[in-house]
Amino acid sequence: MRKLTFAPNVFEIPDDTAVEPDLAAVMMPFSAEFRPVHEAIAQACKAAGYRCVRADNIWDHTTIIQDVFKLILKVGVVIVDLSGKNPNVMYEIGIAHTLGKLVVPISRSAGDVPFDLKHHRVLEYLPNAEGFAVMAAALQKKLGQINPAHPSRRGLSVSR
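Structure report, in brief. (Residues numbered from 1 in each chain as written. Predicted model: local features only at pLDDT ≥ 70, side-chain atom pairs only at ≥ 80, totals over all residues. Heavy atoms only, no water.)

**Topic: the overall build of the protein chain**
Line of reasoning, step 1. Counting secondary structure elements, the protein chain contains 4 helices and 7 strands.
Line of reasoning, step 2. Going from N to C terminus, the protein chain has its helices and strands arranged as β-β-α-β-α-β-α-β-β-α-β.
Line of reasoning, step 3. Within the span of the protein chain, comprising 160 residues, buried residues form 40% of the whole.
Line of reasoning, step 4. A sequence separation of at least 24 residues applies to 72% of the contacts in the protein chain between residues at least 6 apart.
Line of reasoning, step 5. Only carbon and sulfur atoms are counted for the fraction: they give 53% of the accessible area of the protein chain, which is about 9000 Å². (Helix = DSSP H or I, 4+ residues; strand = E, 2+ residues; numbered from the N terminus. Buried < 20%, exposed > 50% of the residue type's maximum accessible area, 1.4 Å probe, protein only. Contact = heavy atoms within 4.5 Å. Areas by Shrake-Rupley, 256 points an atom, 1.4 Å probe, with all protein chains shown as cover.)

Right, dumping it as structure tokens:
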């Protein structure tokens, strides 16, 4: 494992940087229309043995980005919904990639996947009950294939 030392000035590196391999972060738009998507993701996570957390369910710090950064830092996998090209989601996927996290992208449309992410496989889904069920089953299968103990899944060693 490579060691990377960095000192961000937008957020702080928390004291506890231990990764919880069975924790999955969900990065997605927070609007009501995405509630069924989040429920399908949570169902898939639970079935695959992951605890599912979304940043809007956390309030540990006074700044949202600090909670987001800490969540991404400690999870085993990050699920991102690129639907709608949400700029917050794009920022969060950048943090996840920088921290060496396994990212599972999903989207309603391949057209919502930015050029710099098109080389990644994206799980596409239809925004209806059947589409959510199909997506949940495919996501559960993908999450079930992930071995959190594999050396490539450990991410970066963080030093101060």
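**Overview of the pattern of salt bridges**
Line of reasoning, step 1. In total, this model carries 4 salt bridges according to the counting rule given.
Line of reasoning, step 2. Notably, a salt bridge pairs Glu33 with Arg108, separated by 3.0 Å at the nearest N-O pair. Taken together, the residues span a long stretch of sequence, with Glu33 in the loop between strand E2 (20-27) and helix H1 (35-47) and Arg108 in the loop between strand E5 (102-107) and strand E6 (123-124) at a distance of 75 residues.
Line of reasoning, step 3. What you see here is one network of salt bridges that share partners, running through Glu20, Asp22, Arg51 and Lys74. (Salt bridge = Lys/Arg side-chain N within 4 Å of Asp/Glu carboxyl O.)

**A look at the packing of H1 against helix H4 (residues 129-145)**
Line of reasoning, step 1. Contact geometry of H1 with H4 gives a least axis separation of 8 Å together with a crossing angle of 35°. Note that H1 runs across H4; the crossing there is right-handed. Taking contact as the criterion, the partners of Pro36, Val37, Ala40, Ile41, Gln43, Ala44, Cys45 and Ala47 in H1 are, on H4, Phe132, Met135, Ala136, Leu139, Gln140 and Leu143.
Line of reasoning, step 2. For the contact of H1 with H4, the class distribution of residues is 12 nonpolar, 2 polar and no charged. (Axes fitted to C-alpha atoms, helices over the stretch in contact; angles between N-to-C directions. Left-handed = near helix turned anticlockwise from the far one by under 90°. Nonpolar A, V, L, I, M, F, W, Y, C, P; charged D, E, K, R; others polar.)

**Regarding the pairing of E5**
Line of reasoning, step 1. With 6 of its 6 residues buried, E5 lies for the most part within the structure.
Line of reasoning, step 2. Here E5 shows no split at all, with Leu102, Val104 and Ile106 on one side and Val103, Pro105 and Ser107 on the other all buried.
Line of reasoning, step 3. As paired strands, strand E4 (residues 75-81) and E5 are joined by 5 bridges and run parallel to one another. From the neighbouring strand, Val77 faces E5, where its bridge partner is Leu102.
Line of reasoning, step 4. Here E5 runs beside E6; their pairing, made up of 2 bridges, is parallel. Paired with Ser107 across the bridge in E6 is Glu124. (Pairing = 2+ DSSP bridges.)

**Regarding the side chain of His38**
Line of reasoning, step 1. Assignment of secondary structure puts His38 in helix H1.
Line of reasoning, step 2. With relative accessibility at 17%, the residue His38 sits in the buried group.

**Section: the sheet that holds E4**
Line of reasoning, step 1. The strand order across the open sheet formed by 5 strands is E3-E2-E4-E5-E6, and the pairing between neighbours is parallel. A strand with exactly one partner marks an edge of an open sheet, and here the two such strands are strand E3 (51-54) and E6.
Line of reasoning, step 2. In the packing of H1 onto the sheet, contacts are made with E2, E3, E4 and E5, and the angle to E3 comes to roughly 150°.

**Re the packing of helix H2 (residues 64-74) against helix H3 (residues 87-98)**
Line of reasoning, step 1. The contact between H2 and H3 brings their axes to 10 Å, and the two run at 40°. One way to sum up the angle between H2 and H3 is to call them oblique. Like other packed secondary-structure pairs, H2 and H3 cross with a definite hand, here right-handed. Along the contact surface, H2 presents Ile65, Val68, Phe69 and Ile72, while H3 presents Tyr91, Glu92, Ile95 and Ala96. (Parallel < 35°, antiparallel > 145°, perpendicular 65-115°, else oblique.)

Nothing here speaks to function; it is geometry throughout.
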